[in-house]
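Listed here are the chains, written in short residue letters.
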Amino acid sequence: MTGPWYFPWFELSATIRAMSNNTVKTRFAPSPTGQLHLGNVRTALFSALHARHAGGRFLLRIEDTDKARSREAFTRWIEDDLRWLGLTWDEGLDAGGDAGPYVQSAREPIYADLYARLQAAGRAYPCFCTQEQLEASRAAQRAAGRPPRYAGTCARLSAEEAAARVLAGEPHTLRFRVPAGETIEFEDLVRGPQCFSSDDIGDFVIRRTDGTPAFFFCNAVDDALMGVTHVWRGEDHLSNTSRQLLILRALGLPEPRYGHLALIVGEDGAPLSKRHGAMSLEELRERGYLPAAVTNYLARLGHTYASDALLNLDALAAAFDPVRLGRSAARFDLAQLDHWQKRALAAATPAQLVKWAGGSLTAVPVAQRERFMATVRDNVLFPADVLVWAQSVYEKIVPDEPAEAAIKDAPRELFTTALELLSAHGDDFRAWTKAISVRTGLKGRALFMPLRAALTGRAHGPEMAHFFALLGREKIEQRLRAVMEE
Ligand code: GLU
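Residues numbered from 1 in each chain as written. Predicted model: local features only at pLDDT ≥ 70, side-chain atom pairs only at ≥ 80, totals over all residues. Heavy atoms only, no water.

## A look at the site of the ligand
Then comes step 1: The environment of the ligand is formed by Arg27, Ala29, Ser31, Glu63, Phe215, Asn219, Arg233 and His237.
Then comes step 2: Here the ligand loses 79% of its free accessible area of 300 Å² to cover by the protein chains.
Then comes step 3: In terms of residue class, the shell around the ligand is built from two nonpolar, three polar and three charged. (Near = heavy atom within 4 Å. Areas by Shrake-Rupley, 256 points an atom, 1.4 Å probe, with all protein chains shown as cover. Nonpolar A, V, L, I, M, F, W, Y, C, P; charged D, E, K, R; others polar.)

This is how it looks when you write it as structure tokens:
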């Protein structure tokens, strides 16, 4: 550990000792201000996969410093989403750990101590500038063609004056004093060597007027205090890293390694949003996507895998490798997500499929549900599709247009023959269709398509023999009569 500051206190932390043993510890640090979107789900996934790959630990920390927007309900939601994906954490919240609390709003005494240390070392100072003054200063700098940064007004106050104004109750923030002429270098795990000049960074706020910690500060010190070794996060945080390293160096705290993941964009290259068909994880769950579909899709969004197979989390973790992370933006493609949904459905057992389909199976007798799901599984992506098939087998069929056409174009003789031969071959689809074929001379498509249309209301769909068995003789008879009456 280097730096002007070194506190033996930190050395006592078991988690920091773990770091020197090279145990990988990754973390997911969401702000509970909304539902998880695919960008942060992917960050959580890569963090969890990396920890699992390395036999390390995955930590969950809740960054609820934005008091106005943070909600306890969102925290519960996030936990539930992570569990649903199988991304359970080894440390944090209910998993416990010795570096807690793991919710930032409960860490204020820890931050207060660090602020005091920074102030005592002259590395932080109270700033009394009002929003209006700051805005005016920024506007003047912009007008002069300079990038706006804090002008240093309060940096120059004497310690006595600052203390007196604080004592008098004047509202103030706490600013970090950025050292002049320093180069901040680090090796990003995705983007390679990075180099920033401290002269490009103005003194920045580390504690807001209301006393809450600013993101740069609490996010960085918590990673250090919790013994996080690898920080995976979105590329939008890359430029924050130099400020965070300055804070850690000023406090003599250990620095994690940072990996900034390329952002997810839509077809048009713009950051992913609703208009690209992107949904929150909650919406994906509601529609009926399976966890394995989401994890397999996201793991391949910006990270290449040699295998095209549907992989479980252990297999995804085993093959996770930071060198396989791409630097260019990852394009969201709903068709790919649907491809993995198909694969995940194909891999599920009939019992799992019944559970997944839930209320869409209301019309299906309990004893027939697994058989029914095994029949329709290749023809559905979501429970809503299951519902359509369930209704057409067990309730009334409403033929779609291609089915109507197939029925209309077929000779009537096909249906009368089918009906006549039903009692002789009622339980054996093959024997039944063979006998119809012999009698009518119809074969292949000309035989099967109209029968399928008459019995299921669709021109295409699952294996007819299975459907035939599910329908039973009585329903088949009714449906054949119905088309004959048309
Ligand atoms: N709470 C921050 C966010 O959700 C965490 C950023 C980070 O991972 O460092 O954006």
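What follows picks up the thread again.
## Concerning the packing of helix α15 (residues 369-376) against helix α16 (residues 383-394)
Then comes step 1: Interhelical geometry of α15 versus α16 gives an angle of 115° and a closest axis separation of 11 Å. In the packing of α15 onto α16, the handedness of the crossing is right-handed. Contacts from Phe372, Met373 and Val376 of α15 reach α16 at Val386, Trp389, Ala390, Val393 and Tyr394.
Then comes step 2: Of the residues assigned to the contact of α15 with α16, the class counts are eight nonpolar, no polar and no charged. (Axes fitted to C-alpha atoms, helices over the stretch in contact; angles between N-to-C directions. Helix = DSSP H or I, 4+ residues; strand = E, 2+ residues; numbered from the N terminus. Left-handed = near helix turned anticlockwise from the far one by under 90°. Contact = heavy atoms within 4.5 Å.)

## What to know about helix α18 (residues 412-425)
Then comes step 1: Its 14 residues give α18 an end-to-end C-alpha distance of 20 Å, which sits within 8% of 20 Å, the value for a rise of 1.5 Å per residue.
Then comes step 2: The largest bend in α18 amounts to roughly 25° and is located at Leu419.
Then comes step 3: Of the residues making up α18, those classed as buried are Leu414, Phe415, Thr417, Ala418, Leu419, Leu421 and Leu422.
Then comes step 4: Buried residues in α18 make contact with α17 (401-409), α19 (429-440), α20 (444-456) and α21 (464-485). (Expected span 1.5 Å × (residues − 1). Bend = angle between axes of the 7 residues up to and from the residue. Buried < 20%, exposed > 50% of the residue type's maximum accessible area, 1.4 Å probe, protein only.)

## Describing the nonpolar core
Then comes step 1: In terms of nonpolar packing, the biggest core is built from 94 residues, with Leu49, Phe372 and Trp432 touching the most fellow members.
Then comes step 2: Those residues in contact with Leu49 that lie beyond four places of it in its chain are Ala299, Tyr305, Leu313, Leu316, Ala317 and Phe320. (Core = buried A, V, L, I, M, F, W, Y, C linked by side-chain atoms within 4.5 Å.)

## Topic: unusual backbone geometry
Glycine aside, the phi torsion of most residues is negative, and most peptide linkages are trans.
Then comes step 1: The linkage connecting Gly100 with the following residue, Pro101, adopts the cis geometry, with an omega of -5°.
Then comes step 2: Its place among the elements puts Pro101 in the loop between α4 (72-85) and α5 (108-120).

## Focus: helix α3 (residues 38-54)
Then comes step 1: When the terminal C-alpha atoms of α3 are compared, their 24 Å separation across 17 residues agrees well with the 24 Å that a helix rising 1.5 Å per residue should span.
Then comes step 2: Burial analysis of α3 places 12 of its 17 residues in the buried class, the great majority of the element.
Then comes step 3: For α3, the full list of buried residues reads Leu38, Val41, Arg42, Thr43, Ala44, Leu45, Phe46, Ser47, Ala48, Leu49, His50 and Ala51.
Then comes step 4: Positioned one or two residues after α3, Gly55 has a phi angle of 65°, which is positive.

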